[in-house]
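The lines below spell out each chain.
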Amino acid sequence: MLKLYELAEEFAELEPEERLEMLIDFARTLPAVTSKSGTLAGDESCRVQECQTPVYLWVGIIDGKTVLEADVPEKSPTVRGLVSVLVEGLSNSDPREVLEIPDDLLPLLGLDSALGMTRQNGARGVVARIKRELVSALAQSPG
């Protein structure tokens, strides 16, 4: 089972205000970008265009596992938190399992009514980007 679903259960047990607090807490846990992907910020090929906030995302498959790295400004804690939930919830997972997640994760996390339409569209854009990159990576991998 994807860790994302475990995180979703944790969110579901909370009151709406507590969900937003947990999301902000996740913003503080977004891992720094490693040398796997190089620098993300400013790399337009990594930019998630659907997001008003500059979200840079690198998606790959290493040793058969999904690898996600992201760069999101600290001044945008809600968006940074959402991306951090995805990074933690999907990294080191089977890419085929990741491709099966819902396109709109906010209802799963109980955040759909708490976030405006712009952030909802951005969140869907991030998920779509992850899926597109994984499909591409799977097509390029042997076997």
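Refer to the preceding data block for the structure.
Residues numbered from 1 in each chain as written. Predicted model: local features only at pLDDT ≥ 70, side-chain atom pairs only at ≥ 80, totals over all residues. Heavy atoms only, no water.

Draft legend 1. Representation of helix H1 (residues 3-12). Among the residues making up H1, those that are buried are Leu 4, Leu 7, Ala 8 and Phe 11. End-on view of H1: buried residues confined to an arc of 105°, all on one side of the axis. Against the buried residues of H1 lie helix H2 (16-27), helix H3 (77-90) and helix H5 (106-109). (Buried < 20%, exposed > 50% of the residue type's maximum accessible area, 1.4 Å probe, protein only. Helix = DSSP H or I, 4+ residues; strand = E, 2+ residues; numbered from the N terminus. Arc of directions from axis to C-beta. Contact = heavy atoms within 4.5 Å.)

Draft legend 2. Highlighting the packing of aromatic side chains. Inspection of the entire model under this criterion finds one aromatic pair. When the ring of Phe 11 is compared with that of Phe 26, the centres are 6.1 Å apart and the planes differ by 20°; the resulting orientation is stacked. Of this pair, Phe 11 sits in helix H1 while Phe 26 sits in helix H2, and the two are 15 residues apart along the sequence. A relative accessible area of 0% means that Phe 11 is categorised as buried. (Phe/Tyr/Trp six-rings, centres within 6.5 Å; stacked < 30°, edge-to-face > 60°.)

Draft legend 3. Here's a closer look at the pattern of salt bridges. A full pass over the atoms with the stated rule returns five salt bridges. Asp 104 serves as the salt-bridge partner of Arg 124, at 3.2 Å between the closest nitrogen and oxygen. On the criterion of sequence distance, the pair formed by Arg 124 in helix H6 (residues 117-140) and Asp 104 in the loop between helix H4 (95-98) and H5 is long-range, its members being 20 residues apart. The class of Asp 104 is partly exposed, set by a relative accessible area of 26%. The partner of Arg 129 in a salt bridge is Glu 133, and the shortest N-O contact between them spans 3.2 Å. (Salt bridge = Lys/Arg side-chain N within 4 Å of Asp/Glu carboxyl O.)

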